Amino acid sequence: DNNIQVYDDYTDDGVSGATFDRPDFNRMIKDIENKKINLIIVKDLSRFGRLSSKISYYLEEFFIEKGVRFIAVTDDIDTGAIETSEDMVQFKAFFNEWFLRDTSRKVRNGKKTRAREGKVMTTYPTYGYKKDPLDNNHYVIDPDIAPIVRRIFMLARNGKTPTEIGKILTDEKTLVPSEIVGNGHTRKDGIKRGWNRNTVKRILQNVTYLGWVSNGNTKKINYKSKKTMIMPKEDRIIKKGMHTPIIDEETFNIVQDMIKSRTSTRVKSYDWLLKGLVCCKECGKKLSLVPQKHPNKTTFYLRCNTYATNTHLGLCTPHSNNLEKVTDFVIEQIKKRCREFLDEEKYTKIANTNKFIYIY
Ligand SMILES: [Zn+2]
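Predicted, not measured: the structure shown is a model, and the values here were computed from it. (Residues numbered from 1 in each chain as written. Predicted model: local features only at pLDDT ≥ 70, side-chain atom pairs only at ≥ 80, totals over all residues. Heavy atoms only, no water.)

Focus on the coordination of the zinc ion
Move 1: Within the protein, Cys280 (SG), Cys283 (SG), Cys304 (SG) and Cys316 (SG) serve as the donor atoms for the zinc ion, at 2.3 to 2.4 Å.
Move 2: The coordination sphere of the zinc ion comprises four donor atoms, whose angles at the metal cover 97 to 116 degrees; the geometry is tetrahedral.
Move 3: Coordination of the zinc ion draws on donor residues from a single chain, spaced C-x2-C-x20-C-x11-C in sequence. With cysteine 283 in the loop between helix 9 (249-266) and strand 10 (287-293) and cysteine 316 in the loop between helix 10 (305-309) and strand 12 (321-322), this pair connects stretches of sequence that are 33 residues apart.
Move 4: On the basis of relative accessibility, which here comes to 5%, the residue cysteine 316 falls in the buried class. (Donors = N, O, S within 2.8 Å, 3.2 Å for Na, K, Ca; no water. Tetrahedral: all angles 85-135°; square planar, octahedral: opposite > 155°, others 65-115°. Helix = DSSP H or I, 4+ residues; strand = E, 2+ residues; numbered from the N terminus. Buried < 20%, exposed > 50% of the residue type's maximum accessible area, 1.4 Å probe, protein only.)

Here it is in structure tokens:
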């Protein structure tokens, strides 16, 4: 329904954009000279050419002279932008999206191939390893850090819990993984990552230390989103024997069993009305539930997650609150809000007078 008519496709596959002397490019120029076309659409400027002096000649002189409108979709260049029609806006939006999806599919396919080959695909190396200077997709042992990893596994094997190990490492001022491998960027909540039970647990459960490469641990939700989801273990692509192990399989398996037996008895999850909806005012982290057992009944309290996982780092305070009181307060607030929008008198009147509804 737009009045664009496609005259021809001009493609110069395999010819570098560094030169403008390309068969289809020349054919296109000829068609312009012969007044066959008045609109050129390219994905991006690099498809058109890479020589900036030539580009400015075409964009600023030649096309204007010939009355040709030029659009480079992803670069947002449109030499006829002043009288941009509604049609054109939609057309461009469609192309933009299509190119984006196409590119993302190509990137994904390339990644899948590399994942199957057992190539290391993370930006930052795993704590204890370095990127091989000769091959960016291969790990070599970091001789300074590997002993720390071995020690963490030994402590765990000897019965220390991840929380206890975290405390030992904090007391010894051992550098945390983010400080070693270089991804020490500030997190959204502005809290510096310290040694806590999760940091330790992630190390203890990481099969990289066995010399394995595990790819596909996370997956992007779609090409538009930066969000990722964690993939189940059976969907990950694991290749063994890809680099020198730091931990032997026997130790690793013993530690896995110990973690498993501990988690199954300790963690109990509860369902409550405001689950996942209340956050700590100070640090923004979700609040979690802590049961407090009394002889006859259990009272539940809310507690800040930052405090819970990093107690010894003193990053936040407990923010302890009685769950029942908080829930009642929230419900009362919601009711109050609803009442503000509801003219009770008016609706009561309607309800009382209109006893019958006639349908014609
Ligand atoms: Zn907090």
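A closer look at the sheet that holds strand 11 (residues 298-304)
Move 1: Reading across the sheet, the three strands line up as 10-11-12 and stay open at both edges, with antiparallel pairing between neighbours. With partners counted over all chains shown, the strands left at the sheet margins are strand 10 and strand 12, one partner each.
Move 2: As defined by bridge partners, strand 11 adjoins strand 12 across two bridges and the pair is classed as antiparallel. When the bridges of strand 12 are listed, leucine 302 appears paired with asparagine 321. (Pairing = 2+ DSSP bridges.)

Regarding the confidence of the model for the chain
Move 1: For the chain, the average pLDDT comes to 81, and 82% of its residues sit at 70 or higher.
Move 2: Taken together, the stretch residues 184-191 has pLDDT below 50 and engages in seven contacts with residues farther than four places along the chain or on a different chain. (pLDDT = per-residue confidence, 0-100. Contact = heavy atoms within 4.5 Å.)

Brief notes about the packing of aromatic side chains
Move 1: Within this structure, the stated rule accounts for 14 aromatic pairs.
Move 2: Centroid distance tyrosine 58 to phenylalanine 63: 5.9 Å. Interplanar angle 35 degrees. Geometry classified as tilted.
Move 3: A residue is classified by how much of its surface remains accessible, and phenylalanine 63, at 0% relative accessible area, is buried.
Move 4: Members of the aromatic cluster, connected to one another through ring pairs, are Phe20, Phe25, Tyr57, Tyr58, Phe62, Phe63 and Phe70.
Move 5: When the ring centre of phenylalanine 20 is taken as origin, the NZ or CZ atom of arginine 22, which lies over that ring, is 5.9 Å away. (Phe/Tyr/Trp six-rings, centres within 6.5 Å; stacked < 30°, edge-to-face > 60°. Lys NZ or Arg CZ within 6 Å of the ring centre and 35° of its normal.)

With respect to the nonpolar core
Move 1: Within the largest apolar cluster, 28 residues are counted, with the highest numbers of intra-cluster contacts made by Val149, Ile152, Phe153, Trp195, Ile203, Leu204 and Tyr209.
Move 2: Elements with a contribution of two residues or more to this core: helix 5 (146-157), helix 6 (162-171), helix 8 (197-204) and helix 9.
Move 3: Examining the composition of this core, we find that six residues originate from one element, helix 5, more than from any other.
Move 4: Those residues in contact with isoleucine 152 that lie beyond four places of it in its chain are Ile165, Leu169, Trp195, Val200, Ile203 and Leu204.
Move 5: Listed in part, the 18 residues of the second largest apolar core include Phe20, Leu45, Phe48 and Ile55. (Core = buried A, V, L, I, M, F, W, Y, C linked by side-chain atoms within 4.5 Å.)

Thoughts on the pattern of salt bridges
Move 1: By the definition in use, this model includes eight salt bridges.
Move 2: The residue arginine 151 makes a salt bridge to glutamate 172 at a minimum N-O spacing of 2.9 Å. Of this pair, arginine 151 sits in helix 5 while glutamate 172 sits in the loop between helix 6 and helix 7 (177-181), placing them 21 residues apart in sequence.
Move 3: On the accessibility criterion, arginine 151 (35% relative accessible area) is partly exposed.
Move 4: Glutamate 172 sits in the partly exposed class, given a relative accessible area of 43%.
Move 5: What emerges from the salt-bridge pattern is a single network uniting Asp8, Asp24 and Arg27. (Salt bridge = Lys/Arg side-chain N within 4 Å of Asp/Glu carboxyl O.)

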